[in-house]
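A structural walkthrough
Spelled out, the chains give:
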Amino acid sequence: MTDASAVSAADLFDPPAVRVQRRTASSIVAAVVSLAALGGIASMPLWATQGQIRDVVELCCYIAVAQMWNLLAGYAGIVSVGQQAFVGVAAYALFIMAQLWGLNPFVAVVLAMIAPVLLAIPTYGLLHRLDGPYFAIGTWVIAEVMRLATSVFGYVNAGAGMSLRVMASYSATERAVGVSILCALMLLVTVGGSYWLLRSRYGLALIALRDNPVAAASQGVAVGRLRFLIWVAAAAGTGLAGAIYFMAQLRITPPSAYDPNWANIAIFIVMVGGLGSLEGVIIGALIYFFADRWFGEYGATYLVVLGLLTLFMALFARGGIWGLICRRVDAPWFPTRRILVEDKR
Amino acid sequence: MANSILLEARGLNKAFGALRVVQDVSFDVRAGEVLGILGPNGAGKTTLFNLVSGDLRIDGGELIFDGQSLVGQPSNRRCRIGIGRTYQIPRPYVGMTTFENLLVAASFGGGKTEAESYSFCAQILRDCELIDKANRSAGSLTLLDRKRLELARALASAPKLLLLDEIAGGLTDEEGQALVKLIRRIRDRGITIVWIEHVLHALLAVADRMMVLNFGEKIAEGAPADVIQDAEVRRVYMGIEG
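Fair warning: this is a prediction, and the values are worked out from it, not measured in the lab.

Residues and elements named next belong to chain B. Ordered in space as S6-S7-S8-S3-S9-S10, the six strands form an open sheet in which the pairing is mixed. With one partner strand each, in any of the chains shown, strand S6 (83-85) and strand S10 (217-222) form the two edges of the open sheet. Averaged over all neighbouring strand pairs, the angle between strand axes comes to 20 degrees, with direction disregarded. Both strand S3 (residues 34-38) and strand S8 (residues 192-196) contribute to a ladder of four bridges, which runs parallel.

Residues and elements named next belong to chain A. Of note in the backbone geometry, Ala158 takes a positive phi value of approximately 45 degrees without being a glycine. Here Ala158 is to be found in the loop between helix H8 (132-151) and strand S2 (162-163). Residue Ala158 is classed as partly exposed on the basis of its 14 C-beta neighbours within 10 Å.

Residues and elements named next belong to chain A. One finds Val65, Ala90, Leu94 and Ile244 to be the most contacted residues of the largest nonpolar core, which totals 181 residues. For this core, the element with the highest residue contribution is helix H4 (residues 50-76), accounting for 17 residues. Other than its neighbours up to four places away in sequence, Val65 contacts Gln83, Val87, Thr238, Ala241, Trp262, Ile265 and Ala266.

This paragraph deals with H4 of chain A. Residues and elements named next belong to chain A. In this model H4 runs 38 Å from its N-terminal to its C-terminal C-alpha over 27 residues, within 8% of the 39 Å that 1.5 Å per residue would give. Among the 27 residues of H4, 20 are classified as buried, and the element is accordingly described as predominantly covered. Positioned one or two residues after H4, Gly77 has a phi angle of 70 degrees, which is positive.

Once that is clear, we can look at the domain arrangement of chain B. Residue and element names in this part refer to chain B. Parsing chain B into structural domains produces domain 1 (1-82 + 160-242) and domain 2 (89-158). The gap between the C-alpha centroids of domain 1 and domain 2 is 23 Å. Opposite the nine residues of domain 1 that make contact, domain 2 presents 12 residues. Every element with two or more residues in the side of domain 1 that touches domain 2 is listed here: helix H2 (75-80) and helix H6 (173-188). Sorting elements by how many residues they give to the side of domain 1 that touches domain 2 places H6 first, with three residues.

Every contact between the two is made by 41 residues of chain B and, on the other side, 36 residues of chain A. Of all the elements in the fold, those that place two or more residues in the side of chain B that touches chain A are H2, helix H3 (98-109) and helix H4 (114-127) of chain B. Sorting elements by how many residues they give to the side of chain B that touches chain A places H4 of chain B first, with 10 residues. Residue composition of the side of chain B that touches chain A, grouped by class: 17 nonpolar, 13 polar and 11 charged.

All names here are of chain A. Counted at 1.5 Å a residue, the expected span for H8 with its 20 residues is 28 Å, and the 29 Å between its end C-alpha atoms agrees. Of all the positions in H8, only Thr139, Ile142, Ala143, Met146, Arg147 and Thr150 are classed as buried. All buried residues of H8 lie within an arc of 135 degrees about the axis, which places them on one face of the element. Residues of H8 that are exposed and point more than 90 degrees away from the buried face comprise Pro133, Tyr134 and Ala149. Close packing links the buried residues of H8 with helix H5 (84-100), helix H7 (114-127) and helix H13 (254-257).

Quick notes on the rules
- Residues numbered from 1 in each chain as written.
- Chains lettered and ligands numbered in written order.
- Predicted model: local features only at pLDDT ≥ 70, side-chain atom pairs only at ≥ 80, totals over all residues.
- Pairing = 2+ DSSP bridges.
- Helix = DSSP H or I, 4+ residues; strand = E, 2+ residues; numbered from the N terminus.
- Axes fitted to C-alpha atoms, helices over the stretch in contact; angles between N-to-C directions.
- Buried ≥ 20, exposed ≤ 12 C-beta atoms within 10 Å, placed from the backbone.
- Core = buried A, V, L, I, M, F, W, Y, C linked by C-beta atoms within 7 Å.
- Contact = placed C-beta atoms within 7 Å.
- Expected span 1.5 Å × (residues − 1).
- Domains from an automatic or database assignment.
- Nonpolar A, V, L, I, M, F, W, Y, C, P; charged D, E, K, R; others polar.
- Arc of directions from axis to C-beta.

Structure (structure tokens):
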């Protein structure tokens, strides 16, 4: 840690004895709770009913899709309203590999992540010159193009959609075990992976990029490349959630796969929970999930209320619910801060 | 060492539409010196910095740093090969602490590992009198501290050439003197400095040479005492008619 003095001009001085504190009491508790939750999700077939498993799978998919959107909007400064393009393309890739090519569906779910990556690379090439709102519109256009193209693509049964009949060769228990383990892995990759990224030095670069891209570039951060990598990673994570979701649904059609509601849900969860925080995504996903269960029957009124809530948070509480909590208590679940501590000599 | 040339600019040009902001400007920066840049508002000083740091693309001319051409290199690469800069209007990363602001520069621009950066950045924070605010959110800093942070962050990228854009503006006499002392110390560590500044006495206290710009053109260059006496400079910059 002190060998920095050997390579720099600071060796004219006494290098200060410092260390950096990263863990907090709250983060240790959160780590234990997170691992327990992951274990609980993976072992659902042992304790949950089929209906509960379906609900948890749905919730996990919301968390994953929202966290990927959070990585884009909350860190890389990219606003996308077309994330459903990656949900749909990965889900269709799963159906093609498992149903048409005869691959093991549980392996195909993971391989399906290749499809959104292949879509993300050229679309970024098209979109990256666009700024803010133009970029957002571009992402929506791409998602619509994907939906329309799929609707006329005979190989995947066009607008009529496909069923994942191969799943019938597995027993209900086998399917539950597979989907539960996949869900736990998905959270580990999307939420755990994001946390790992944000704690690394690339996390510093991402926050710098969000706060001031010009200054970040002048301090050595490869802004363009970092944005591209986040875009591709978010596409892969979003696609994984889409593949798992439609594997549990067993049926897919172009309007359901490329449903703009995926982007709406992600935006709602992140804006209400707290942009730029992992904690906010979990809080926002839980709120959305229960609101949908309890008030979904009110149809249009319910959607208006959700919209107004998002607007209200955007206007009066930019940090979302997690931001409001942080103002009162300083107990982050997933701290990324680096607290400098000087050792007294 | 004093004679080797660190940065060589030949015939630099930059225009925004019909407005020519930098016109055929050539100059050398020698390793180890402090070059002061003077000029009225709108003379193209900051644009010149943006051309050297890579924030703006040059329309024409050649820039050679440490033996390699900078033309076509993005600003993040220029930082990594040793060009550090501050911004006239501070651009802190408000979502992180003062210390973390420096870590970005040290671990990306400076090419250090994160662990190597810790004590290096702590030392810079101490030099720049920011150590007490190391763990404060950069968004909560006062303007003076934000200016210090600009300088500290640029130093954290371990530059060979440091571009300072009006970092003394708005300081009290005492703070100005402390800044001059700090800049001398930075120079004594072997870092070459180009400093744009309106606070003339601060600049005169450190600069080895000076260059004056007006309407994008170089109108004088030389020893500070001579430049200040130059009739054209006195007319343009100080409004004193010969």
